Amino acid sequence: MSSIKNIQAKIDQMEKLKKEIEATKKNINSAVGETLIKDLGLDYEELSSKKEINKIVKKIKEKLPTDFFKNQEINSNEVKNDSNSNNHNQNSHQQSNNNSNY
């Protein structure tokens, strides 16, 4: 019986996590949408229907280079690599300073 309770507890936990994931996605969607509307100076009246929203999204997508998001991913990886390299250099420098103190 105990194993059935454990399994049910895990199922309940999974359901809770699924709900948290969905809530997080909604928050992200809202934040991205809000930022785009604000930064692009869009008028809420122009976004009053799903049809109008789709038209504007289509216009935005048409204006972006086809590899825009691929480039964003590459740039993001470069920033991460630069950050890791800087951390490594700082750690090496700190270790050499620590060694010189002896």
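Residues numbered from 1 in each chain as written. Predicted model: local features only at pLDDT ≥ 70, side-chain atom pairs only at ≥ 80, totals over all residues. Heavy atoms only, no water.

Enquirer: Can you help me understand the overall build of the protein in this one?
Expert: Across its full length, the protein carries 3 helices and 0 strands. Reading the protein from its N end, one meets helices and strands in the order α-α-α. Per-residue burial over the protein gives 3% buried out of 102 residues. Per element, the accessible surface of the protein, about 9700 Å² overall, is 53% carbon and sulfur. (Helix = DSSP H or I, 4+ residues; strand = E, 2+ residues; numbered from the N terminus. Buried < 20%, exposed > 50% of the residue type's maximum accessible area, 1.4 Å probe, protein only. Areas by Shrake-Rupley, 256 points an atom, 1.4 Å probe, with all protein chains shown as cover.)

Enquirer: I keep staring at the layout of surface pockets and nothing clicks. Help me out?
Expert: To find leftover empty space, one rolls a probe the size of a water molecule over the atoms. The volume enclosed by the largest pocket comes to roughly 390 Å³. For the largest pocket, the lining is made up of 16 residues, of which G33, L36, I56, V57 and I60 are closest to its centre. Mapped by element, the contributors of at least two residues to the lining of the largest pocket are helix 1 (2–39), helix 2 (50–63) and helix 3 (68–100). Sort the elements by how many residues they give to the lining of the largest pocket and helix 2 lands first, with 6 residues. Split by residue class, the lining of the largest pocket holds 13 nonpolar, 2 polar and 1 charged. (1 Å grid on protein atoms, 1.4 Å probe; cavity = no way out; pocket = protein on both sides within 12 Å on 5 of 7 lines; lining within 4 Å. Points joined across faces, edges and corners; volume = space filled by probe spheres on them. Nonpolar A, V, L, I, M, F, W, Y, C, P; charged D, E, K, R; others polar.)

Enquirer: I'm lost on the pattern of salt bridges in this one. Help?
Expert: Side-chain pairs of opposite charge can arise whenever the charged atoms involved come near each other. Counted under the stated rule, the structure contains 3 salt bridges. In this structure, E52 engages K55 in a salt bridge whose closest nitrogen and oxygen atoms are separated by 3.7 Å. Of the two residues, E52 and K55 are both situated in helix 2; the distance of 3 residues between them amounts to about one turn of the helix. Taking relative accessible area as the criterion, K55 reaches 44% and is therefore assigned partly exposed. (Salt bridge = Lys/Arg side-chain N within 4 Å of Asp/Glu carboxyl O.)

Enquirer: What's the story with a nonpolar patch on the surface in this structure? I'm lost.
Expert: There is a patch of nonpolar side chains on the surface, built from I28, V32, L36 and L40 and spanning about 350 Å² of accessible area. Overall, the relative accessible area of 47% leaves L40 in the partly exposed class. (Patch = residues over 30% accessible without salt bridge, like charges linked within 9 Å, V, L, I, M, F, W, Y side chains within 5 Å.)

Enquirer: Please explain the confidence of the model for the protein as it appears in this structure.
Expert: Note: predicted coordinates in regions of low pLDDT should not be interpreted at a detailed level. Here the protein averages 81 in pLDDT, while 68% of its residues score no lower than 70. The lowest-confidence element of the protein is helix 3, averaging 59 in pLDDT; the highest-confidence one is helix 1, averaging 95. (pLDDT = per-residue confidence, 0-100.)

Enquirer: Just checking my understanding: could you explain helix 1 for this structure?
Expert: Think of an α-helix as 3.6 residues a turn; residues three or four steps apart then line up on the same face. Taking 1.5 Å per residue as the helical rise, helix 1 with its 38 residues ought to reach 56 Å, and the 55 Å between its terminal C-alpha atoms agrees with that figure. Directly beyond the C-terminal end of helix 1, a positive phi value near 65° is found at G41. (Expected span 1.5 Å × (residues − 1).)

Enquirer: Would you explain helix 2 in this entry?
Expert: For helix 2, spanning 14 residues, the distance from its first C-alpha to its last is 20 Å, which sits close to the expected 20 Å at 1.5 Å a residue. Little of helix 2 sits inside the fold, with 1 of its 14 residues counted as buried.

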